[in-house]
Every structure is written in C-alpha cells, then in structure tokens.
Protein chains: 2
Amino acid sequence: MLTRSSTELVRQQNSALVLAALRRQGALSHTELSARTGLASATVSAITAELERGGVLERQEQASAGGRGRPRVLFRQKRDYGHILTVRISSDAVQYSLADYAGMLIDRFEEPRQHADPSTAHFIDALRAGLAKTLQRSRLDRARVLEVSISSKGIVDPASATLVWSPVFGLDEIDFAGVLGEWRSVTLSNETLLVAHALGLRAEPASGLTRRLAALSLGHSVGLGIANLHATGEIEVSAPNFGHMLHAADGKVCRCGAQGCIEASAGFYGILRTAFEVPPDTIPAKFVPLAEMEKIAQRARQGHRMSEYAFRQAGLALGQGLSRVLSLYGSMPVTITGPGTRFLDLLSRGLEEGLRQSQQVRLNGMPEISMVPEEATLVFEGHVDRALTRIDRLLASERPLAEGETA
Amino acid sequence: MLTRSSTELVRQQNSALVLAALRRQGALSHTELSARTGLASATVSAITAELERGGVLERQEQASAGGRGRPRVLFRQKRDYGHILTVRISSDAVQYSLADYAGMLIDRFEEPRQHADPSTAHFIDALRAGLAKTLQRSRLDRARVLEVSISSKGIVDPASATLVWSPVFGLDEIDFAGVLGEWRSVTLSNETLLVAHALGLRAEPASGLTRRLAALSLGHSVGLGIANLHATGEIEVSAPNFGHMLHAADGKVCRCGAQGCIEASAGFYGILRTAFEVPPDTIPAKFVPLAEMEKIAQRARQGHRMSEYAFRQAGLALGQGLSRVLSLYGSMPVTITGPGTRFLDLLSRGLEEGLRQSQQVRLNGMPEISMVPEEATLVFEGHVDRALTRIDRLLASERPLAEGETA
DNA sequence: GGAATTTTTCTCGACAGTCGAGAAAATAGA
DNA sequence: TCTATTTTCTCGACTGTCGAGAAAAATTCC
C-alpha cells in the first residue's frame, strides 16, 4: 500500500486483473471482461490488444452463439505461451507433471525414491534427471519452461526456495533455487499449503467478506494449511508448522527429535507405536506402509482396546491442536485430506473431545469438518494455480513490448 | 490487489504516501518529501498544494537553516484539523485521552469503574458521560472529533466495533458503533493489539524484509498481539486469543467458563489460586489487587514452596503457549508488558522450560525476550497512530475539494 | 435478397495524473 | 550590487482510463 504509484502501475494492475479473470473464469469475451473487471470497454481493448501482441492471449472465434448481433470473440490464455513443471516430493516417490500456460496437464510420471542411497546429493541428481526426462518425453526446450514448482512436506523458506526441515531429509537443507540454477524460476512450497490453496479455489464462488479455511493433511506426517479468501478473489495461504507444534509434554519422541509434537501422537508412526505398546521414547519408524495401518484400524474396529486407544489419542492430539489453531486464527471450516481420512471414524471421537475443550469452540461452536481424500489432485491444482498466477502477474508487470517474443 | 485501478486511485495512493511520511518523520520540506516518497518534485507540489487547500497540512517557515540558498519550508499536519478521543477500558478504571491531528496529547483523565453496578447498561451511560466530559473540559465541539478509538482486553470484532467477549463484561456483547452512533467514527481494538502496534512503531527504523514481533501482556488476564512490519513501513497487527488458548487439560477453571486456558494458570487469579492451594475447579476471583500479588511474590522469593511453584506453573503455561505460537507463526522476538513484568524473575524458569520443548525453538533458537513495563503508554501510542493513520487514509481518498472545509 | 435490428467490438477525443527540465525565488557570501 | 547556491514552482510531454459514438457482423423481417 505505502509505495509510490504511477500511471504505468495502473496499467500493470489492470492487466493483471484481466489475466486473473481469464484464469478463473476461462475464456471470456470483450464485454464479459469489461463487466467482470469493472474496466471500461476501451481499456479492455487496450489491454487485450497489448497482451495479444505479446503472444499471451489469443482469440477464439466462437462458432455461433445463437443470439443475434455481432458474435462474441472469446479471449483466452494462449496454451503454448509457455509451460510449468511441478514436482511433488513425497516420502516414497517423486511425481513430475508438465502443464501448459492454460493449466492443462500434458504429461505425468513418477519415480520411486531410491531408499538404497537416501543422501541429498543423490536425490538432487535424481531430481535433475527427472526434470530432464520430463523435457525429453515432451520434446520440449528448457527455455519454454516458465517455472519449476516444487512441493514437499516440512518447513520451507519460500523466499529462497530452501527446504529447511523435512521428514525426508531432516535438517539437510536443500537450496532448490541454487541447485536448479539453470531453470528460469524455481519455487518451493509446503505441500499442505498447496492443498489449502486448491480448496480455496474450489470454495471461492460463495464470496462475501474475507473468509478462511484450513486443510489438515493426515498421513505419515501431519500438515496444516490455512487459506484466506479475500473479497477481491485473491487467495493468501500460509502453512503453520502444525505437525510439530507441542501437543503435550508426554515424552513421546517425534522423528524431528523433539518430544510431544502432535505428529508423535497423530502421525502414522505415532499411532502404530501406541497401538503396539512400544515405549514412547523409541525412535519412530522411517516409514509405515498403509497396509500396516489398515491392519491396526481393522483390529480397532473389531474392538481391540489398545488399537482403539491409539486412534483416540491421535484424534485427541489433533483436536486439541486444532482448538489451539482456532483460538489463534479464529473459527474456520476444516477439510481433512490424505490417507489418514480412511481412519476418520476411529479418530473422530478424540478429535471432537479435543476440540470441545477450548473457549473458542464454546463461543463459536464446533468448526465444520469435511473430508477430501484425494490429496494428490489438490496438490497439483494448487501448484498449477499458484505458478500460473505468479507468471500472470510477472507478465503484467514486464510489458511485452517486443513483437513475437514468444515463438 | 485484484481490483480496478485508475489515475484517481494513483493520486489517492500518493497522497496517502505523503501523509504517512509526515506522520512518521515529522515535519518535512518539499525536497525531503520528494526524496522519502520517491515522487517527483512536481508531484509533491501538486499533492501538498491540494492538502494545504483542504486544511490538512500547513507550512512552517523555518527560522534559518544556516546554509545558503533558498530556505526550506516545512510541511506538517495542521494540529487543529481535528481531534481524536481514545478510551482505554480496564477492569478497574476507564481512561479518556484527547489528542489533536498531530498526535499531541491535550487532555487526559480517568474515571473509576463503578463496582456497585457492574451492568453494561450502566457502563454505557458512564461511557457517554465520560466522552461528554472530555469535550466539555476542552470546550470542544463533537463535530471536531474525527474518531473515538476504544480499547479493551478480550475478543473484539473490529469490523462492527463490537466487544464479543471480555473479562469485564463476559458474554454481554457491546456494540460500540451502535451505542455511540452520534460520533462520527467509532473503532474498537484489542488492547494488546495496540501494544504490538506501538512496539512495531518503535522498532521500525531497522527495516529490511517483512519482520514480526509479539507483545505479551501479563496481568489479571493474559493478552498477545502480533505485529507484521512490512518493508513498506506498514504495520499489520492481529490479536490472537492467546489467553484462552488451551494450555492443558488440567481441569483448572478459567473465568471464561472453559477449563485449562493459559490464563487459568498464568493470569493473576490463576497464580493466586495455585499459591493458596485453592482447588483448581474453584470459580476465580473477579479481581486481584496488585498488592496481593506482590505478597505472594515476596513469599516465593523467600523460598515458600507453593508460591514459587505457582509462578513456575504460570511461566510454564506461558512458555508452552508461546512455543505453540512460534510454531504456527514462525520465530519472532517477544516483548513482555504489563504489571506481570514485576514477577518475571519468578516466571522465567518455567517460561524457558516451556519454550525449549518445541521443535520450532530447537531449530531457530530461543526467541529474544525483552520487557517494557509501561503498558499504558504503549496502548496510547497504538491508539493514536492507528486512528490518525486511518484518518489520513480516508482523507487521501475523499479529496477535500471544497474550500475551508475544516474551520 | 436486401433493409432493419441487434449486439459486440473498436476508435477518438477529453480528462486525470506523473515526470523531467528548466524557470523563478530566496538566501549567503564576495 | 552581483554571483553562487539551494529550494520551490511551473510548463509541456507522456501514459493511462473513460464515455460516446462509429464500425462490424450477425439475425430477423419483409
């Protein structure tokens, strides 16, 4: 807000506005653009003409709209303006996806993580190879990739694209921007932050004032993302370090090295430890197969006391943690995602118990809790929308004056 | 960001920029304004001329600067452009202050709360009377008061100026905007939020990227404010409901009605309850005189076990709570204010113990903790700066075209 | 088939704002 | 009194948005 403003800046702003409208609503005609953005028709003309010259937008002659009068021509993002490449790092695999400037998925494949050599150096080599493979598979030139968008669980410094702490690499920092210096732009996001963003995108239509929502990802680890939906249509997200927030000084060792983290009770390895009555100070398993969890759940559902108890304790840790988050950020609906959603029936009792304890919930009532198991889709949607929105904004600011800059 | 922009908006923005510079830096000359805002000299001329016409700014002919050349003339906020009135509601008294448009304190007095009739209806009458008295004492017309800025501890809805929950009135909501409809503008802020804002103001000079700081207010109740210091000079604050965040399911009854709130352990009444070994499910005292607390502290310092324990438990609740806040918001320095600072020697052991437990602190180290006992001053500074900044912004947007609109 | 109607897109001149450069003002020193 | 210096003010150029009306391109009516 408190920064110098000028007429050029006005144009930037309004160009970004037009691009954002097309991004959210799909192809729009001149008049629709004018209506949605609130800009005068003449201004829309000026902006679209410029973006068209720059190869960013293209016209799509509409076959026949039916009504009479001059037919509308729709503007839309030109698909081949550029591409983005998303990389989703998870504990067992790395997923590479390629999408075009319109957000269309073009190619996707997955590479299993090499558990034989878990060093970061080796991982970086594999990452480089994976990116090269993506280009090769689609016969794409690296210069055409506008951004490489990477996601991981853990603590992330988005400014420097550095992974500060992650369940996979621990304290081995990875500076992705540095390591992938040959790529035009590299960004790193917390995975659950992307989930929250995607949920915000899906929820958006019902707009009013600025609203909030939370995404809670349950799996081997526990992640939280919070999205602020502004009245302007912007989505602002953050990823508080929820999984390793202190739950209780109960001595349960977490794989981060601390004790009493929420994850130490509610992560898969925490549940397993309690169910099998392993001492709480035992260093947790690196990875728990989902099948193993299903077995414990099966037994819990059949009435096995300790398994049931493990899930209830996990729910309690999540519920108390959430109640604290709601105290600090205010009430908001919570959507639970990830493989842990399969066990929600076993978690919910503890979850509700934990939530009910705080003043916040007593005042504003229980938060609305819903479930979207398909986490991977949400992560991809978040990747794509955030990367393309960033590109749109950049594009609006560095006026593409030159002709045919694109190809 | 995503809203229509126009050349008029540019002017608004830049006018606000000029006003903000004068607000922060004091009187500035034409050239200094140009340098600090980054605006061209011609633009500064246009803006100052308009604001001068509107009676917002005035020139101060500088006596003699010493150097040669044409002497500078300083612009500054015209003190009599208007006034603001701040009201600080605390559990035992209400403080009224009057300040002018330059932020200068003009008058201040305090009215004790009537404990005989603690009803909200009676309080509102007293508030009205207090405001009237302020006008009368300074022989001021109500129309000259640009804003009434009220603060209280508790949960506040700033949009509607409604006190949702407070230690003083409980769930009796007070809609200040409605109740004080005859005043031009009425705002309500959480008290510790204002403290955080004021600390942000004081800290600002050392700027870089966007930074954060927290204010922790210790007294009969416990409050937290978080300030985001943006690189642009803006200060964005929030007041998470820290005092009533769940500390532990230990059954300690809080005066909010819930159990296990931080305040139930770390508020004065919580400390007193533990020190005197009163059962934790006892409804807490409405008010604990500071002298009483000093006595407990005295005994604790002399080695009385239970008193010492009470303070340590209070510190632990604060430390664990802070460690949770730092997990969620990231590391930041913490400044402790309020009467509770007197007992920091007794609290610090538990405080550090609680902080040390989380992954966040293990990763980023202990937060820097400092102390500013003079809370009342900070609250006033926060009131004034926030109110005047709001007025400046409003002023920049509703172009004062009319001549001599002020008086 | 051609004119009228309708709807959309494009274009032109007016207006608001910022900017750079240089003129004008006001002082100190020679 | 004249000159150098510093600051403030003013003018014309430039960029951008806006409203109104012209131009374009279809359907419908006769």
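Residues numbered from 1 in each chain as written. Chains lettered and ligands numbered in written order. Predicted model: local features only at pLDDT ≥ 70, side-chain atom pairs only at ≥ 80, totals over all residues. Heavy atoms only, no water.

On the side of chain A, 47 residues touch chain B, which itself brings 47 residues to the contact. Buried surface at the junction of chain B and chain A, both sides included, amounts to about 4300 Å², of which 62% is carbon and sulfur. Counting across the interface, chain B meets chain A through 0 salt bridges. Where chain B meets chain A, there are 10 residue pairs in polar contact (both at pLDDT 80 or more). Those elements that provide at least two residues to the side of chain B that touches chain A are α1 (7-25), α10 (305-329) and α12 (359-364) of chain B. (Contact = heavy atoms within 4.5 Å. Buried area = accessible area lost by both parts, 1.4 Å probe. Salt bridge = Lys/Arg side-chain N within 4 Å of Asp/Glu carboxyl O. Polar contact = N/O pair within 3.5 Å; in protein donor to acceptor, adjacent residues only side chain to side chain. Helix = DSSP H or I, 4+ residues; strand = E, 2+ residues; numbered from the N terminus.)

The subject of this paragraph is the pattern of salt bridges. Residues and elements named next belong to chain A. Within the structure shown, the criterion is met by 36 salt bridges over all chains. Note that R23 and D392 form a salt bridge whose closest N and O atoms lie 3.0 Å from each other. With R23 in helix α1 (residues 7-25) and D392 in helix α13 (residues 375-397), the pair connects residues that are 369 residues apart, well separated along the chain. Here D345 ties to R301 by a salt bridge, and the two come within 2.7 Å at their closest N and O atoms. Taken as a pair, D345 in helix α11 (residues 344-356) and R301 in helix α9 (residues 290-301) lie far apart in primary sequence, 44 residues in all.

Here we take up the domain arrangement of chain A. Here chain A is described as being made up of domain 1 (7-77), domain 2 (81-194 + 378-391) and domain 3 (243-373). A straight line from the C-alpha centre of domain 1 of chain A to that of domain 3 of chain A covers 48 Å. (Domains from an automatic or database assignment.)

Right, let's get into the packing of aromatic side chains. Aromatic rings considered in pairs are described by the distance between their centres and by the relative angle of their planes. Residue and element names in this part refer to chain A. The tally for this structure, following the rule as stated, stands at 11 aromatic pairs over all chains. Geometrically, the ring pair formed by Y81 and Y101 is tilted, given 5.1 Å between the ring centres and 55° between the ring planes. Taken together, the residues span a long stretch of sequence, with Y81 in the loop between β3 (73-77) and β4 (83-89) and Y101 in the loop between β5 (93-100) and β6 (105-112) at a distance of 20 residues. The exposure classification of Y81 matches that of Y101, with both residues buried. Judged by centre distance (4.8 Å) and plane angle (55°), the ring pair of F123 and F169 falls under tilted. A residue pair is termed long-range when its members are at least 10 positions apart, and F123 in helix α4 (residues 120-137) and F169 in the loop between β9 (162-165) and β10 (174-175) qualify at 46 residues. (Phe/Tyr/Trp six-rings, centres within 6.5 Å; stacked < 30°, edge-to-face > 60°. Buried < 20%, exposed > 50% of the residue type's maximum accessible area, 1.4 Å probe, protein only.)

Let's shift gears to helix α11 (residues 344-356) of chain B. Residues and elements named next belong to chain B. Compared with the 18 Å implied by 1.5 Å per residue over 13 residues, the 17 Å span of α11 between its first and last C-alpha is a close match. Maximum bend of α11: about 25°, positioned at G350. Those residues of α11 lying buried are L344, L346, L347, G350, L351, G354 and L355. Summarising the contacts, the buried residues of α11 are in contact with β12 (211-218), α9 (290-301), α10, β15 (334-337), α12 and β16 (369-372). (Expected span 1.5 Å × (residues − 1). Bend = angle between axes of the 7 residues up to and from the residue.)

This brings us to the sheet that holds β5 of chain A. All names here are of chain A. Strand order across the open sheet formed by 5 strands is β6-β5-β4-β7-β11, with mixed pairing between neighbours. For this open sheet the edge positions go to β6 and β11 (186-190), each flanked by a neighbour on one side alone. Strand-to-strand twist of the sheet, defined as the mean angle between neighbouring strand axes without regard to direction, takes the value 15°. In this structure, β4 lies alongside β5, joined through 7 bridges in antiparallel fashion. Bridging across to β5, T86 finds its partner in S97. On top of the sheet, helix α6 (residues 191-203) reaches β4, β7 (145-152) and β11; it is set at about 85° to β11, its chief contact. (Pairing = 2+ DSSP bridges. Axes fitted to C-alpha atoms, helices over the stretch in contact; angles between N-to-C directions.)

Bringing the protein's contact with DNA strand C into the picture now. R4, T31, R70 and R72 of chain A together with T43 of chain B are the nearest of the 28 residues found near DNA strand C. Within 4 Å of the protein, the contacting atoms of DNA strand C are 72% sugar and phosphate, with bases supplying the remainder. Between a phosphate oxygen of DNA strand C and a side-chain N or O atom of R11 of chain B, the distance comes to 3.0 Å. Side-chain polar atom of N14 of chain B to a phosphate oxygen of DNA strand C: 3.0 Å apart, as the coordinates give it. Contributing elements (two or more residues each) for the surface near DNA strand C: α2 (30-37) and α3 (41-53) of chain A together with α1 and α3 (41-53) of chain B. Counting residues per element, the surface near DNA strand C draws most heavily on α1 of chain B, at 5 residues. (Near = heavy atom within 4 Å.)

Residue and element names in this part refer to chain B. For the second largest pocket, the calculated volume is near 980 Å³. In this structure, the second largest pocket is lined by 41 residues; those nearest its centre are S90, S91, D92, K153 and F287. For the lining of the second largest pocket, the elements supplying multiple residues, two or more each, are β4 (83-89), β5 (93-100), β12 and α13 (375-397). For the lining of the second largest pocket, the leading source of residues is β5, giving 3 residues. Taken together, domain 2 (81-194 + 378-397) and domain 3 (243-373) each give at least three residues to the lining of the second largest pocket, which thus spans both. (1 Å grid on protein atoms, 1.4 Å probe; cavity = no way out; pocket = protein on both sides within 12 Å on 5 of 7 lines; lining within 4 Å. Points joined across faces, edges and corners; volume = space filled by probe spheres on them.)

On to the confidence of the model for chain A, then. Residues shown with low pLDDT carry predicted positions that ought not to be read at fine detail. Of all residues in chain A, 95% attain a pLDDT of 70 or more, and the chain-wide mean is 92. Note that residues 401-407 of chain A has pLDDT below 50 and, in this model, 5 contacts with residues that lie over four places away or in other chains. (pLDDT = per-residue confidence, 0-100.)

Residue and element names in this part refer to chain A. Closest axis-to-axis distance for the α9/helix α10 (residues 305-329) pair is 7 Å, and the angle between their directions is 110°. With respect to their mutual orientation, α9 and α10 come out roughly perpendicular. Handedness of the α9/α10 crossing: left-handed. For the pair formed by α9 and α10, the contact residues are M293, I296, A297, R299 and A300 on the first element and S307, E308 and F311 on the second. Class assignment of the residues belonging to the contact of α9 with α10 gives a composition of 5 nonpolar, 1 polar and 2 charged. (Parallel < 35°, antiparallel > 145°, perpendicular 65-115°, else oblique. Left-handed = near helix turned anticlockwise from the far one by under 90°. Nonpolar A, V, L, I, M, F, W, Y, C, P; charged D, E, K, R; others polar.)

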